[in-house]
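# Chain and residue survey
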Amino acid sequence: MASDEKKKRNEQTDYSDRDIIETGTSEDDGVEEFLMDDAMTLESILAEYKGSAYIDGDKRTPSTVLQAKTDKIIRESVTGRFEEDAPDNARAQPEKAVKPAAAPNHQASATGRIPKTDTGRLPKKETGRLPKQDTGALKKASTKKLPKLNGNTARLPDIDAVNMAKSLEYRTAKAGADDTDANKKDAPGDIIAFDSYDGEQDAAEEEIVREVTKAIEQQTQFEQETRKTAGKAFSLFHRKGEDTFDEAFDSGYEEAYEDAYEEPPAVFEDKYVPEPDFNIAIKNFAEKCNRYSTRCFISLSLSVLLTILTLVFQSNANLPFGIGQNMAVCTGILLVLLFITMMFSAEKLADGFMDIIKGRPGIETLNLFSCLATASAAFYSMMTRDTMVGMPFCAVSAFSLTFTLWGERVYYRALTETLRTAQATTMPTGVVVSMCEDIERSVIKKIVGKTDGFYNNLIQADVSEMAFLYAAPVLIIAAVVLGFFSSFGQDQSQYFIHNFAAIMAAAAPFPAILAYAAPFNAVAKRTRQSGAAVAGWGGADELFHSDGASIKDEDMFPEGTVSLGGIKIFDEVAPEKAIRYTASLIIASQSVLATLFERLLSKQGLSKLRVDEFSCYEGGIGGEIRGERIVTGSAALMNLQGIRVPASLNMKNGVFTAVDKKLIAVFTIDYVPVKSVQNALVSVLRHHVKLLFSVRDFNISPVMLEQKFKVPVDDVEYIPIQDTYDISDDLKLDTRRTAAVLTREGMGPYVEAIIGGRRLRLTSLVATILTLMTAVGGMVIMYTICMTGAFSAGSPGNLLLYMISMTVMVLIVCGFARYRQ
């Protein structure tokens, strides 16, 4: 059997860079036997009780039940010993007191190991038929005067003598089997040692009983408090809180108790929601996009109508349908149209109101205050018929709602496009930002089949939302203060509502949502053409704050660009041996040459060999095959190893193999550069993204990269070979979230995802800053106009022109997200 197992291991084809470690475990199956033959002390009784309690999985037993368990343990122990081992003259010749036995070790319960009970080793008795303990009968049966016991001690005097005496009494009671059940209840049956004292010992007995009961109750209370404290701490990391923790203990199973104390998963700063099926999410996003498209079109039509009515009235032209120059009637029409526009944006306005209740006012809150202030000013103007302030700002507030709906439409369109790209293939490649502890840097790397956390990054709060979360309350308060000073401060209190509405209308900028939605949509469309999808602001932020991008062998030289030029095998070596040794070592390294040598083995009808003690060097790899030390690498490595390389075979792109420091074969490798890879390298280096050279092919170096692809290597960093294997290992991850998804292979989609994420973050940040400047600038302008009383200069038409101009500027900045450099 051992030879078969050894043969099976030799035929294995799984190669790794770790040595095979033979492990063996020796476990003591037995547990320390509780020496019940020795004197039993209070400590041993409590230890035995605690062990049984943990075995039963019971954590909340009342003190009465705990006392009953202690009674049962002593009954089984005493009865078993004296029925099996006690001599006939035990009553006449009691043994000397023996040193109490050490309590068994029950600490294993705290670690999830269940200790074995010692009662299982005692002789089996029909304990179910034993009479119950009767303290009164016990006192009557006791005839021997025992020494007085000190009430303050927890130790029992001469416990063996008491046990032997009571065992004989028990046997006598068993002999009277003809007694009725009522008489059996009064017989001295199972005996607890400290219940056998009478006369002068009554006070001592009661003191011991009280001490034992108090100790058990304190221990139980302490365990319950410990569980509650652990439950509160556990609920911080569990979605269900304390309910799951309590369920684990109430079930009564030790397995549930262990699961409740398992180490909680990593907690991220951002809220992590369960990721839905991408197809369902795509459907939901598409429905919202269509709904906002319809509402945006209607709102735009109403906003244009409002603008036309406002501009016509300001030009002193007569309005049709008998309106003429009646300002009250015209204001009423504008107010009705504004209310209709607000109805189509009721969802966003409701969100703004709920944000106030939650204490998180944002963009929707600004729109809500703008509309309410404008409507109040319009209604007040109709009531007072004051023509000095001019027309209300209904058109400006309506356009704020229109651009908000448009921004939502663009945003959900971008989400739909991104998820559709991620669903374009059944086996996408995830782009993650992982922290590499070996080099103390966060590295962008590709992981095949990973999409975990992509949805959470996609729906994460963007930069404009976070910016207005802090800016909105400041802008609202500033509008109130400026409106107050521009009216009451100038002894024009009747203009407060109008001034506040004018400043508040400027505080709700049009491109507030578009500042992120427009760049996101542009990047989603651009990257989809290349087969990549960036996970929104969350993914873009991770890609931007990384220290560099890891590039592997297959990134620079994909399949089909590496070929075998020729083979030189020395005469004293068998060709099969040289090929198998070299191919087995190359395949174990999992470099870009692995596929090439696998094909070579297949053509020759050979199989790879097992590689032990795999190691990597600067310029090569090594290992043991069939007890021989094999080294494969470049010519430079051979020279460093003291292996002579003929001058005619000294080439740059060659694979040299030596066995026990003797050269046996040379393989010529041809590398063909690809134009798409060259363009990708030029693009990523132009954006100053540092490339971490994590390649396993010892022939590929930054110098070779510069020669083959004609690109500068200033931003290409060559890292140590051992760190290269760690970075390129897909199993070494410390992140749950995916920053981007690739649906095509190659360097192009990989670079497009990195650059797209960085462009998205940069353009969104600049656009958000410009949007905030638009709001602040508009408020200052309107405050200045209201202070001077030049209401004609601060007309709705002029304010609308200013805000549309700033919106166009923001959209131009957002367009740079699609710029091809």
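Residues numbered from 1 in each chain as written. Predicted model: local features only at pLDDT ≥ 70, side-chain atom pairs only at ≥ 80, totals over all residues. Heavy atoms only, no water.

### Things to note about the overall build of the protein chain
Here is the rule: Secondary structure follows DSSP: runs of H or I at least 4 residues long count as helices, runs of E at least 2 residues long count as strands, and numbering of each begins at the N terminus. Buried means the residue's accessible area, taken with a 1.4 Å probe over protein chains only, is under 20% of the maximum for its type, while exposed means over 50%, and partly exposed covers the values in between. Any two residues whose heavy atoms approach within 4.5 Å at even a single point are treated as in contact.
Helix and strand counts for the protein chain stand at 28 helices and 13 strands. When the 821 residues of the protein chain are sorted by exposure, 49% land in the buried category. In the protein chain, the share of contacts with a sequence separation of at least 24, taken over all contacts with a separation of at least 6, comes to 78%.

### Let's talk about the packing of aromatic side chains
The cut-off we apply is this: Two aromatic rings, drawn from Phe, Tyr or Trp (for Trp, its six-membered ring), form a pair once their centres lie within 6.5 Å of each other, and the interplanar angle then sorts them: stacked below 30 degrees, edge-to-face above 60, tilted otherwise.
As enumerated under the stated definition, the model contains 21 aromatic pairs in all. For the pair F285 and Y412, a centre-to-centre distance of 5.9 Å together with 45° between the ring planes defines the contact as tilted. Of the two residues, F285 is situated in helix α10 (residues 278–314) and Y412 in helix α14 (residues 394–422); the sequence distance between them amounts to 127 residues. We classify F285 as buried; its relative accessible area is 7%. Given a relative accessible area of 12%, Y412 falls into the buried group. Here the aromatic rings of F285 and Y455 are separated by 6.4 Å at their centres, their planes lie at 10°, and the arrangement is stacked. With F285 in helix α10 and Y455 in helix α15 (residues 454–458), the pair connects residues that are 170 residues apart, well separated along the chain. Every member of this aromatic cluster is reached through a ring pair, and the members are F285, Y292, Y411, Y412, Y455, Y516, F520 and W537.

### Concerning the sheet that holds strand β13 (residues 740–742)
The following threshold applies: For two strands to pair, DSSP has to find at least two bridges joining them. A fitted line through C-alpha atoms serves as each axis, taken over the contacting stretch for helices, and the angle formed by two N-to-C directions is quoted from 0 to 180°.
Reading across the sheet, the seven strands line up as β3-β13-β1-β2-β4-β11-β12 and stay open at both edges, with mixed pairing between neighbours. With partners counted over all chains shown, the strands left at the sheet margins are β3 (532–534) and β12 (716–718), one partner each. The average angle at which neighbouring strand axes cross in this sheet is 30°, direction not considered. Relative to strand β11 (residues 691–693), strand β4 (residues 548–551) runs parallel, the two being bridged by three bridges. Within the sheet, the bridge partner assigned to I551 lies in β11 and is F693.

### A word on helix α17 (residues 496–507)
Helical geometry: 3.6 residues make up each α-helical turn, so side chains three or four residues apart lie on a common side. Note the following rule: An expected span of 1.5 Å times one less than the residue number is assigned to each helix.
With 12 residues, α17 should reach 16 Å at 1.5 Å per residue; the first-to-last C-alpha distance of 16 Å fits that figure. With respect to burial, α17 is a largely interior element, 10 of its 12 residues being buried. Every buried residue of α17 is listed here: H498, N499, F500, A501, A502, I503, M504, A505, A506 and A507.

### Brief notes about unusual backbone geometry
Backbone geometry at D660 places phi at a positive 50°, although glycine is not the residue there. As for its position among the elements, D660 is in the loop between β9 (654–659) and β10 (663–671).

### Here we look at the packing of α10 against helix α28 (residues 796–815)
Condition: If an angle is under 35 degrees, it is roughly parallel; if it is over 145, roughly antiparallel; if it lies from 65 to 115, roughly perpendicular; otherwise it is oblique. Each residue receives one of three labels: charged for Asp, Glu, Lys and Arg, nonpolar for Ala, Val, Leu, Ile, Met, Phe, Trp, Tyr, Cys and Pro, and polar for the others, Gly being one of them.
Axis separation between α10 and α28 bottoms out at 9 Å; the angle between their running directions is 130°. Classified by the angle their axes make, α10 and α28 are oblique. Across from T307, T310, L311 and Q314 in α10, the residues of α28 making contact are P796, G797 and L800. In terms of residue class, the contact of α10 with α28 is made up of three nonpolar, four polar and no charged.

### Here we look at the pattern of salt bridges
Here the idea is simple: oppositely charged side chains can pair when their charged atoms come close. The condition is simple: Criterion for a salt bridge: a side-chain nitrogen of Lys or Arg within 4 Å of a carboxyl oxygen of Asp or Glu.
Going through the model one piece at a time under the given rule, you end up with 13 salt bridges. We note a salt bridge from E364 to K348, for which the minimum N-O separation is 3.3 Å. Here E364 is found in helix α13 (residues 363–384), whereas its partner K348 is found in helix α12 (residues 346–358), with 16 residues between them in sequence. No difference in accessibility class separates E364 from K348, as the two residues are buried. The shortest N-O distance in the salt bridge between D612 and R610 comes to 3.3 Å. For D612, a relative accessible area of 30% puts it in the partly exposed group. A single network of salt bridges, built from pairs that share partners, joins K348, D351, E364 and E408.

### A look at the side chain of S400
The topology assignment puts S400 in helix α14. Given a relative accessible area of 1%, S400 falls into the buried group. Non-local contacts of S400, meaning those with residues more than four positions away in its chain, are made with N367, A508 and F510.

Everything listed is a geometric property; what it means functionally is a separate question.
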